[in-house]
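Residues per chain, in single letters:
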Amino acid sequence: MKATIKQSKGAFIAGAVALALVCATSVGTAMSYFTANVQAQGGHTLKLGSTTEIFEKVVSGKKEVQIQNTGDVPCFVRVKAYSDSSHPLTYSGQGWSKGEGDWYYADAILQPGEMTPVLSIEISGLEKNEDFNVVVVHESTIVSLPDGSGGDWSVIASSSKKEA
Amino acid sequence: MKRTAKEQVSAYKSVIILAVIAVALLLIAGIGSARAALTYFSETYAAQVELPDIGVTLVENGEGVATSNFNNDGNNYLDVSNNPDDNTLGILTSKMIPEGEQLMLGRKYTEQLAVQNSGNIDEYVRVRLTKYWIDPEGKKITTLSPKQIDVEFATGSNGWVINDSQTSTERTVLYYTPILPVGQTTPQFTESITIDGMVASKVTEETSTRVEDGVTYTTINTTYDYNGAQFVLRCEVDAVQTHNAKDAIKSAWGVDVDMNASTGAYSLR
């Protein structure tokens, strides 16, 4: 008697499985649609690593300053010197212009590896063999505008101060 | 609870009938498959009914960069791309920057993307466009904002619609709502790409001093957070058949649409 019940259960399960298989086949057909997919990607690296280095000589009460672009992107450069009030400073040099904040700006964009023209800073009122203290600061900023102009001085790529 | 002999015979009959039904159902399924296999090889059948070949191509500035066409003969997809190393993944922006120049901040670079129907059945298409930054090792940088990769989209009256509910800072999902007929190309869905000059304001400062010949040098180095990072623009195009469109779009793309019976165009719900 038990065997009969088991056989009946087995038959019901077999029937259910068969129905499920048939249904699954039908559902699969209904959900098949023609599709296609294509992909592409790309990009470019941003180089903002502007670095500069200052070179200067002191020749008979005069400082001769040059800045070199040691980075790999073009940049703008500016220079400013500080001294005490008894030793006023006078700037001169081709390719430099006085601009905002009394900084002296190199007229041309400094390409990687290039050196600026010489900026002379003359120190007045010096006594013979007198020690003096002049601080020279230079700053650079990357060329951030598409037409090659501009440069955001509120963000400084590199800044260097030398005391002598 | 003992069953009579008559009841037992009846139970056996039920078992046998159910087993026969189960076998019959399985046979029906099997015969269906066998019939499909036979007709597949039948020349007469092939001549009378042309099976659809769906296909799609991503077009960048007028040139195809990646194609995937379904091939019925081989029951597979034929993939072609401008990437010599991977025919399933085309290369974007390869001609964006003129030779000898570097990527410039704030410059608007032309990046006109469109989709062509390269198959032989009409279709609907959509695009998933993602943008992000990676480091030199190719690892995604999650601390840099995709917002600075400014993609100008061309949408509105040209058939392209941005689905805001699927769009984020990093990803934009666009749907071309009219039917894209065989051989036709959609209007472009992007115009240009610009790296926002604001990336130059994201910096980290470091101060150092050195003494040479009694002279003290103080140097403040400003490191740009985005320096050395590479922007990535990734585009995935999906195409689906126009037959039974509402269900096909729901099944393939997971979105609900309403169909315009007269034009064949759909609108997103």
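This is a predicted model, so every value here is computed, not measured. As a convention, each chain's residues are numbered from 1 in the sequence order in which they are written. All chains are assigned letters beginning with A, and all ligands numbers beginning with 1, in the order in which they are written. Thresholds applied to this predicted model are a pLDDT of at least 70 for local features of residues and 80 or more for the giving and counting of side-chain atom pairs; totals over whole chains, interfaces and linings are not thresholded and use all residues. Calculated side-chain values reflect all of the structure's heavy atoms, with hydrogen atoms and water omitted.

**Q** Quick one: what's the story with the overall build of chain B, residue by residue and with numbers?
**A** Strands here mean DSSP runs of E at least two residues long; helices mean DSSP runs of H or I at least four residues long; both are numbered from the N terminus. When helices and strands are tallied, chain B shows three helices and 17 strands. Taken across its 269 residues, chain B has 38% of its residues classed as buried. For chain B, restricting intrachain contacts to residue pairs at least 6 apart in sequence, the fraction spanning at least 24 positions comes to 60%. Per-residue accessibility takes into account occlusion by the displayed protein chains alone, with areas from the Shrake-Rupley method and a 1.4 Å probe. Put simply, chain B shows about 15000 Å² of open surface, and 52% of that area lies on carbon and sulfur atoms. Each residue is placed in one exposure class: buried if its accessible area under a 1.4 Å probe, protein chains only, is under 20% of its type's maximum, exposed if it is over 50%, and partly exposed if it falls in between. Two residues qualify as a contact provided that any one of their heavy atoms is within 4.5 Å of a heavy atom in the partner residue.

**Q** An account of the overall build of chain A is requested, with residue identities and associated values reported.
**A** From N to C terminus, chain A includes one helix and ten strands. The order of α-helices and β-strands along chain A, N terminus first, is α-β-β-β-β-β-β-β-β-β-β. Residue burial in chain A is summarised as follows: out of 164 residues, 40% are buried. Excluding contacts between residues fewer than 6 apart, the proportion of contacts in chain A whose partners are at least 24 apart in sequence is 65%. Accessible area of chain A: about 8500 Å², with a carbon and sulfur share of 55%.

**Q** I'd love a proper account of the pattern of salt bridges, names of residues and values included.
**A** The working definition used for a salt bridge is a side-chain nitrogen of Lys or Arg within 4 Å of a carboxyl oxygen of Asp or Glu. Under the defined criterion, the tally for this structure stands at twelve salt bridges over all chains. Residue Lys-98 of chain A is joined to Asp-102 of chain A by a salt bridge in which the shortest nitrogen-to-oxygen separation is 3.6 Å. Notably, a salt bridge pairs Lys-250 of chain B with Asp-256 of chain B, separated by 3.3 Å at the nearest N-O pair. In this structure Lys-250 of chain B comes out as partly exposed when scored by relative accessible area, which is 39%. Exposure remark for Asp-256 of chain B: the relative accessible area of 37% places this residue in the partly exposed category. Several salt bridges share partner residues, and in doing so they unite Arg-126, Arg-128, Arg-234, Glu-236 and Asp-238 of chain B into one network.

**Q** Describe the sheet that holds strand β3 (residues 62–69) of chain A, with residues and values.
**A** Residue and element names in this part refer to chain A. Spatially, β2-β3-β8-β5 is the arrangement adopted by the four strands of the open sheet, whose pairing is antiparallel. The open sheet terminates on both sides in strands that have one partner only, identified here as β2 (52–59) and β5 (89–92). Going across the sheet, the axis of each strand differs from the next one's by a mean of 25 degrees, ignoring polarity. DSSP calls a pair of strands paired once it identifies at least 2 bridges connecting them. Sheet topology places β2 next to β3; eight bridges connect them, and they run antiparallel. Paired with Val-58 across the two strands is Lys-63, which belongs to β3. In this analysis, axes come from line fits to C-alpha atoms, helices being fitted only over the stretch in contact, and the angle between any two N-to-C directions falls in the range 0 to 180 degrees.

**Q** Could you give me a rundown of helix α3 (residues 245–253) of chain B, with the residues and numbers involved?
**A** All names here are of chain B. Buried residues of α3: Ala-245, Ala-248, Ile-249 and Trp-253, and no others. Looking down the long axis of α3, one finds its buried residues gathered within 95 degrees of arc, a one-sided arrangement. Next to the buried residues of α3 lie β7 (123–134), β11 (171–180), β15 (230–241), β16 (257–259) and β17 (266–268). Directions from the helix axis toward the C-beta atoms define the arc.

**Q** Explain the sheet that holds strand β2 (residues 63–71) of chain B residue by residue, including any values.
**A** All names here are of chain B. Across the sheet, which stays open at both edges, the four strands sit in the order β3-β2-β1-β6 with antiparallel pairing between neighbours. Every interior strand has two partners, whereas the edge strands, β3 (76–81) and β6 (113–116), have only one. In this sheet, adjacent strand axes meet at a mean angle of 15 degrees when their direction is disregarded. Bridge count between strand β1 (residues 55–60) and β2: six bridges; the pairing is antiparallel. Paired with Val-56 across the strands is Ser-68, a residue of β2.

**Q** Pulling in residues and values, what's your account of the packing of aromatic side chains?
**A** In this analysis, rings of Phe, Tyr and Trp, with Trp reduced to its six-membered ring, are considered paired at centre separations within 6.5 Å, and the interplanar angle assigns stacked below 30 degrees, edge-to-face beyond 60, and tilted for intermediate values. The tally for this structure, following the rule as stated, stands at eight aromatic pairs over all chains. Ring geometry for Tyr-91 of chain A against Tyr-104 of chain A: centres 4.0 Å apart, planes inclined by 20 degrees, an arrangement best described as stacked. A residue pair is termed long-range when its members are at least 10 positions apart, and Tyr-91 of chain A in strand β5 and Tyr-104 of chain A in strand β7 (residues 104–106) qualify at 13 residues. Residues Tyr-91 of chain A and Tyr-104 of chain A agree in their burial class; the two are buried. Considering the side-chain rings of Trp-160 of chain B and Tyr-176 of chain B, the 5.2 Å spacing of their centres and the 45 degrees angle between planes classify their relative orientation as tilted. One end of the pair, Trp-160 of chain B, is in strand β10 (residues 160–162); the other, Tyr-176 of chain B, is in strand β11, with 16 residues separating them in the sequence. What links up through ring pairs into an aromatic cluster is the set Phe-34 of chain A together with Phe-70 and Tyr-77 of chain B. Only when the NZ of Lys or the CZ of Arg is both within 6 Å of the ring centre and within 35 degrees of the ring normal is a charge said to sit over the ring. The ring of Trp-103 of chain A is capped by Arg-78 of chain A, whose NZ or CZ atom sits 4.1 Å from the centre of that ring. Of note, Lys-140 of chain B hangs over the ring of Tyr-132 of chain B, and the distance from its end group to the ring centre comes to 4.9 Å.

**Q** Describe in detail the environment of Val-136 of chain A, supporting the description with residues and values.
**A** The residue Val-136 of chain A is located in strand β9 (residues 135–142) in this model. Residues Val-136 of chain A and Lys-80 of chain A, spaced 56 residues apart in sequence, show a C-alpha to C-alpha distance of 5.8 Å.

**Q** Could you give me a rundown of the pairing of β2 of chain B, with the residues and numbers involved?
**A** Residue and element names in this part refer to chain B. What sits between β1 and β2 in their antiparallel hairpin is a turn of two residues, with Asn-61 showing a positive phi close to 50 degrees. Note that β2 and β3 share six bridges and pair antiparallel. Of the residues in β3, the one forming a bridge with Ala-66 is Ser-81. The antiparallel pairing of β2 with β3 creates a hairpin that spans four residues between the two strands, and Asn-75 there sits at a positive phi of about 55 degrees.

**Q** Account for the nonpolar core, naming residues and giving values.
**A** Residue types Ala, Val, Leu, Ile, Met, Phe, Trp, Tyr and Cys, when buried and joined through side-chain atoms within 4.5 Å, form a set referred to as a nonpolar core. Of all hydrophobic cores here, the largest spans 54 residues; its most connected members are Leu-46 of chain A together with Leu-58, Val-115, Trp-133, Phe-189, Ile-195 and Phe-231 of chain B. Here the element with the most residues in this core is β15 of chain B; it accounts for five residues. Once you skip the residues sitting within four places of it in the chain, Ile-195 of chain B turns out to touch Leu-46 of chain A together with Leu-103, Leu-105, Gly-106, Arg-107, Trp-133, Gln-148, Ile-149 and Phe-231 of chain B. In terms of nonpolar packing, the next biggest core, distinct from the first, is built from 18 residues, Ile-54, Ile-67, Cys-75 and Ala-81 of chain A among them.

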